[in-house]
Amino acid sequence: MATGSTASTPAKAKPPPPAIGLGTKLVLAGASCMCGQSVANPMDVMKIRLQIQGLEVAAGRAPKYTGMLSGLGQIVRDEGVAGLYKGLKPALLREGSYSALRMGLYEPIKELLGATDPANTPLYLKIIAGGSAGAIGGAIANPADLIKVRMQGDLATPGQAPRYPGLFAAFRMIATTEGVVNGLYRGVGPTASRGMLLTAAQLPAYDHIKHTMLNLGVLPEGKPLHFISSFAAGFIAVGVTNPVDVVKTRIMNQPVNPATGVGTIYKSPVDCFTTVLRTEGMAGLYKGFWPSWLRLGPHTVVTFLVMEQLRAAVGMRAI
């Protein structure tokens, strides 16, 4: 009688994670950034208003806003709560294009540079990848950024005609009256520079702080780690980008000579930078810092928290 020895059945191997295409990465990045912008739009409006006040001073007019909190109150009194959400549509369009590109291209570029181990990637590779992705996104999506800045800087009160009646009307009016290159792509240099600096600071900071804490065993992967890493990344990003943000905002908002297409206050981004530094000092380049941080801080936290959850939902590994 044969001894009944039963062959053990080998355990089934876990299926490999699904391959995630670039398109999916861009969509997840854009959706995450749009969530962040929805939270941060009021502070974005306040930041823009404070940054363009230098144009009022240069034109011989007294500044309208004396500070962040009083400025928020002034906007609500003059324009209603809706004033805090001016420019939301172009802002969301910007996040769905510019931010989708700069956030979605970060990891593919990092991998092209040879980064195969997320836990031990050198910081300099992260900075190069972030800067490259940010410059590409900023250059391509400049029209959406331009319209966002102009609509958020619009001081029209209820009953007054706004500068642009709507998002698509703004595209049409700017292209018709100012052209594509001199109009929709006005300020593309500062926009690409800001995108490069922002992404070279924000994403590598989040990536590096997070993996340093993981490697040291400070916190496991999860929401507390994501929150702390994104909070620190937002503060670092504002410190790096605020001067370029001031230049970009003023270049986009200044009056333009229709005959030459040249700004009537600043001839170029370099001229704007040196003029602000000469007439307003270093403080001029950091105007709107706290509104910028109160805007970019929550924006960064919400963006990364949402992004990590979306990545987990589709089977992607964490950043």
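Residues numbered from 1 in each chain as written. Predicted model: local features only at pLDDT ≥ 70, side-chain atom pairs only at ≥ 80, totals over all residues. Heavy atoms only, no water.

## Notes on the overall build of the protein chain
Turning to step 1, where the next piece is worked out: Scanning the protein chain from N- to C-terminus turns up 13 helices and 0 strands.
Turning to step 2, where the next piece is worked out: Starting at the N terminus, the α and β elements of the protein chain follow one another as α-α-α-α-α-α-α-α-α-α-α-α-α.
Turning to step 3, where the next piece is worked out: Taken over the C-alpha atoms alone, the protein chain extends approximately 105 × 40 × 40 Å along its principal axes.
Turning to step 4, where the next piece is worked out: Considering only residue pairs separated by 6 or more positions, the protein chain has 77% of its internal contacts joining residues 24 or more positions apart.
Turning to step 5, where the next piece is worked out: Of the roughly 14,700 Å² that the protein chain leaves accessible, carbon and sulfur atoms contribute 69%.
Turning to step 6, where the next piece is worked out: Between the averaged position of the 30 positive side-chain charges in the protein chain and that of its 17 negative side-chain charges there is a distance of 2 Å. (Helix = DSSP H or I, 4+ residues; strand = E, 2+ residues; numbered from the N terminus. Contact = heavy atoms within 4.5 Å. Areas by Shrake-Rupley, 256 points an atom, 1.4 Å probe, with all protein chains shown as cover. Lys, Arg positive; Asp, Glu negative; His and termini not counted. Charge placed at Lys NZ, Arg CZ, Asp CG, Glu CD.)

## Quick look at helix α11 (residues 269-280)
Turning to step 1, where the next piece is worked out: Compared with an ideal rise of 1.5 Å per residue, which puts 12 residues at 16 Å, α11 spans 16 Å between its outermost C-alpha atoms and is within 8% of the ideal.
Turning to step 2, where the next piece is worked out: The set of residues buried in α11 consists of Cys-272, Thr-275 and Val-276. With its buried residues spanning 100° around the axis, α11 presents them on a single face. What points out from α11, more than 90 degrees from its buried face, is the exposed set Val-270 and Arg-278.
Turning to step 3, where the next piece is worked out: Buried-residue contacts for α11 involve α10 (223-253) and α12 (282-285).
Turning to step 4, where the next piece is worked out: Gly-281 sits one or two positions beyond α11 and adopts a positive phi of about 75°. (Expected span 1.5 Å × (residues − 1). Buried < 20%, exposed > 50% of the residue type's maximum accessible area, 1.4 Å probe, protein only. Arc of directions from axis to C-beta.)

## What to know about empty space enclosed by the protein
Turning to step 1, where the next piece is worked out: Taken as a whole and judged by the stated rule, the model has 4 cavities of 30 Å³ or more.
Turning to step 2, where the next piece is worked out: Here the largest cavity defines a volume of roughly 90 Å³.
Turning to step 3, where the next piece is worked out: Every residue along the wall of the largest cavity is listed here: Lys-25, Leu-28, Ala-29, Met-103, Gly-104, Tyr-106, Glu-107, Leu-203, Met-307, Arg-311, Met-316 and Ile-319.
Turning to step 4, where the next piece is worked out: When contributions to the lining of the largest cavity are tallied by element, the ones reaching two or more residues are α1 (22-58), α3 (88-104), α4 (106-112) and α13 (289-313).
Turning to step 5, where the next piece is worked out: Among the elements that take part in the lining of the largest cavity, α1 stands out by supplying 3 residues, more than any other. (1 Å grid on protein atoms, 1.4 Å probe; cavity = no way out; pocket = protein on both sides within 12 Å on 5 of 7 lines; lining within 4 Å. Points joined across faces, edges and corners; volume = space filled by probe spheres on them.)

## Things to note about the confidence of the model for the protein chain
Turning to step 1, where the next piece is worked out: Chain-level statistics for the protein chain give a pLDDT mean of 88 and a share of 93% at 70 or above.
Turning to step 2, where the next piece is worked out: The spread of mean pLDDT over the elements of the protein chain runs between α1, the lowest at 88, and helix α5 (residues 123-140), the highest at 95. (pLDDT = per-residue confidence, 0-100.)

## Observations regarding the packing of α3 against α5
Helix-helix packing is characterised by the crossing angle of the two axes and by the distance between the axes.
Turning to step 1, where the next piece is worked out: Contact pair α3 / α5: the axes reach a minimum separation of 7 Å and the direction vectors enclose 165°. In terms of their interaxial angle, α3 and α5 are classed as roughly antiparallel. Regarding α3 and α5, the two cross each other, and that crossing is right-handed. For the pair α3 and α5, the contacting residues are Tyr-98, Leu-101 and Arg-102 in the first and Ala-133, Gly-134, Gly-137, Gly-138 and Ile-140 in the second.
Turning to step 2, where the next piece is worked out: Counted by class, the contact of α3 with α5 contains 4 nonpolar, 3 polar and 1 charged residues. (Axes fitted to C-alpha atoms, helices over the stretch in contact; angles between N-to-C directions. Parallel < 35°, antiparallel > 145°, perpendicular 65-115°, else oblique. Left-handed = near helix turned anticlockwise from the far one by under 90°. Nonpolar A, V, L, I, M, F, W, Y, C, P; charged D, E, K, R; others polar.)

## Let's talk about the pattern of salt bridges
Turning to step 1, where the next piece is worked out: Applying the stated criterion to the full structure yields 23 salt bridges.
Turning to step 2, where the next piece is worked out: Residues Lys-210 and Glu-221 are paired through a salt bridge, measuring 2.9 Å at the closest nitrogen-oxygen approach. Here the residue Lys-210 occupies a position in helix α9 (residues 188-216), and Glu-221 occupies one in the loop between α9 and α10, the gap between them amounting to 11 residues.
Turning to step 3, where the next piece is worked out: Among the charged side chains, a salt-bridge network with shared partners connects Asp-44, Lys-47, Arg-94, Glu-95, Asp-145, Lys-148, Arg-194, Asp-245, Lys-248 and Arg-295. (Salt bridge = Lys/Arg side-chain N within 4 Å of Asp/Glu carboxyl O.)

## Observations concerning the nonpolar core
Turning to step 1, where the next piece is worked out: Core analysis: the biggest nonpolar cluster contains 19 residues, and Ile-147, Tyr-164, Ile-174, Ile-251, Tyr-266, Cys-272 and Val-276 have the highest contact counts within it.
Turning to step 2, where the next piece is worked out: Of all the secondary-structure elements, those providing two or more residues to this core are α1, α6 (142-152), α7 (167-177), α10 and α11.
Turning to step 3, where the next piece is worked out: Considering each element in turn, this core owes the most residues, 4 residues, to α6.
Turning to step 4, where the next piece is worked out: When residues no more than four places from it in sequence are discounted, the contact partners of Ile-147 are Pro-90, Leu-167, Ala-170, Phe-171, Ile-174 and Leu-184. (Core = buried A, V, L, I, M, F, W, Y, C linked by side-chain atoms within 4.5 Å.)

## Quick word on the side chain of Asp-245
Turning to step 1, where the next piece is worked out: In this fold, Asp-245 is placed in helix α10.
Turning to step 2, where the next piece is worked out: For Asp-245, a relative accessible area of 2% puts it in the buried group.
Turning to step 3, where the next piece is worked out: Beyond its immediate chain neighbours, meaning those up to four positions away, Asp-245 contacts Lys-47, Gln-51, Arg-194 and Ser-292.

## Regarding the packing of aromatic side chains
Turning to step 1, where the next piece is worked out: On inspection of all chains with the given rule, the structure shows 9 aromatic pairs.
Turning to step 2, where the next piece is worked out: Centroid distance Tyr-286 to Phe-289: 6.2 Å. Interplanar angle 55°. Geometry classified as tilted.
Turning to step 3, where the next piece is worked out: Residue Tyr-286 is classed as partly exposed on the basis of its relative accessible area, which comes to 29%. (Phe/Tyr/Trp six-rings, centres within 6.5 Å; stacked < 30°, edge-to-face > 60°.)

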